[in-house]
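# Chains, contacts and geometry: an overview
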Amino acid sequence: RADAVRVYAARSAIDAALAGSPGRRGRLKETKQRRSDDARRAAAAAFQAVKEPNFGGAGVATLTFRDGAGQTFATRRFDGDDTLDRVIRFLATCDLGVPRVGWRVATDTTPPSFWCDGWALTDATTGSNAIAEADVTKTLQALGLWPSAVLKVEDLAA
C-alpha cells in the first residue's frame, strides 16, 4: 500500500514542475517582454525614413488613431496603396495609446511584417470592422480605410 505522505510529496513535485518555478516564470516573462521591445523597436526603426504624403494629394488616406477610451492620440496621412503593415510600423513609433507588450514579427519576409497581440485594432468609422493580423498585407484602400478613417487601438491588458 502507498504511503500517503510520499504520494502527496510526489504529486506536489509534479504539480510544481508542470507549473514552473516562480523564478522560471519571471525569466520567461522578462524574455517575452524583451522580444516584444525588440520587435517594436525594429518596427519603429523601419518607419523612420517614411515621409508623410502632402495634404490634399491624390490617393492620400488620413487616419486618426484613438485609444480604448476614445481619446485621439495621433493623426497621420498615408498613401492609399500603403499596406496595413506601414500603419503598424507607424503605431510602433507612438509613445501614447499603443500597448507596450505583445509586439512580434508576424511574417518573416524581407522586410518583415509586424503585429501586436496586445491590442484590438478596429475601424471605428464603421464600428464593425475588426482588423486582424491576416490584413497586414492588404492596402488601406482594400481595407476601406481610404480616403479617411478612425482606428481604435484598444490595449487588451488595460
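Right, let's walk through the structure included here. (Residues numbered from 1 in each chain as written. Predicted model: local features only at pLDDT ≥ 70, side-chain atom pairs only at ≥ 80, totals over all residues. Heavy atoms only, no water.)

### A word on the pairing of strand β1 (residues 60-67)
Where β1 lies against strand β2 (residues 72-79), seven bridges are found, and the strand directions are antiparallel. Opposite Val60, over in β2, you have Asp79 as the bridge partner. Between β1 and β2, which follow one another and run antiparallel, lie four residues, and Gly70 among them has a positive phi close to 90°. When β1 meets strand β7 (residues 148-155), the two strands line up parallel, connected through six bridges. What sits directly across from Thr64, in β7, is Val150. (Pairing = 2+ DSSP bridges. Helix = DSSP H or I, 4+ residues; strand = E, 2+ residues; numbered from the N terminus.)

### Observations regarding the packing of aromatic side chains
Within this structure, the stated rule accounts for six aromatic pairs. One aromatic cluster in this structure is built from Phe47, Phe65, Phe73, Phe78 and Phe90. The ring of Phe78 is capped by Arg76, whose NZ or CZ atom sits 5.0 Å from the centre of that ring. (Phe/Tyr/Trp six-rings, centres within 6.5 Å; stacked < 30°, edge-to-face > 60°. Lys NZ or Arg CZ within 6 Å of the ring centre and 35° of its normal.)

### Considerations on the nonpolar core
If you look at the biggest cluster of nonpolar residues, it comprises 33 residues, and the most contacted ones within it are Leu63, Phe65, Val87, Leu91 and Trp119. Counting residues per element, the ones that place at least two in this core are α2 (22-47), β1, β2, α3 (84-93), β3 (103-107), β4 (113-116), β5 (119-123) and β7. Ranked by residue count, the leading element in this core is α3, at six residues. Ignoring anything within four residues of it in the chain, the contact list for Leu91 reads Arg40, Phe65, Phe73, Val98, Trp103, Trp119, Leu121 and Val153. (Core = buried A, V, L, I, M, F, W, Y, C linked by side-chain atoms within 4.5 Å. Buried < 20%, exposed > 50% of the residue type's maximum accessible area, 1.4 Å probe, protein only. Contact = heavy atoms within 4.5 Å.)

### Concerning the state of the cysteines
One pass over the full model with this rule turns up zero disulfides. There is no disulfide at Cys94, and the cysteine sulfur nearest it, in Cys116, is 12 Å away. Judged by relative accessible area, which is 0%, Cys116 ranks as buried. (Disulfide = S-S within 2.5 Å.)

### Some remarks on the side chain of Asp135
Position of Asp135 relative to the elements: it lies in the loop between β6 (129-131) and β7. By relative accessible area, which is 10% here, Asp135 ends up buried. Not counting residues up to four positions away in its chain, the partners in contact with Asp135 are Leu84, Ala130 and Leu143.

### Remarks on the pattern of salt bridges
Across all of its chains, the model carries eight salt bridges by this definition. The network of salt bridges with shared partners includes Arg104, Asp117 and Glu133. (Salt bridge = Lys/Arg side-chain N within 4 Å of Asp/Glu carboxyl O.)

### Quick notes on the sheet that holds β6
Read across the sheet, five strands follow the order β2-β1-β7-β5-β6 without closing on themselves; strand pairing throughout is mixed. Here the strands that pair on one side only, and so sit at the sheet edges, are β2 and β6. The average undirected angle you get between the axes of adjacent strands in this sheet is 30°. Across three bridges, β5 lies against β6 in antiparallel orientation. Within β6, the residue paired with Leu121 across the bridge is Ile131. This element, α3, spans β1, β2, β5, β6 and β7 of the sheet and lies at about 145° to β2. (Axes fitted to C-alpha atoms, helices over the stretch in contact; angles between N-to-C directions.)

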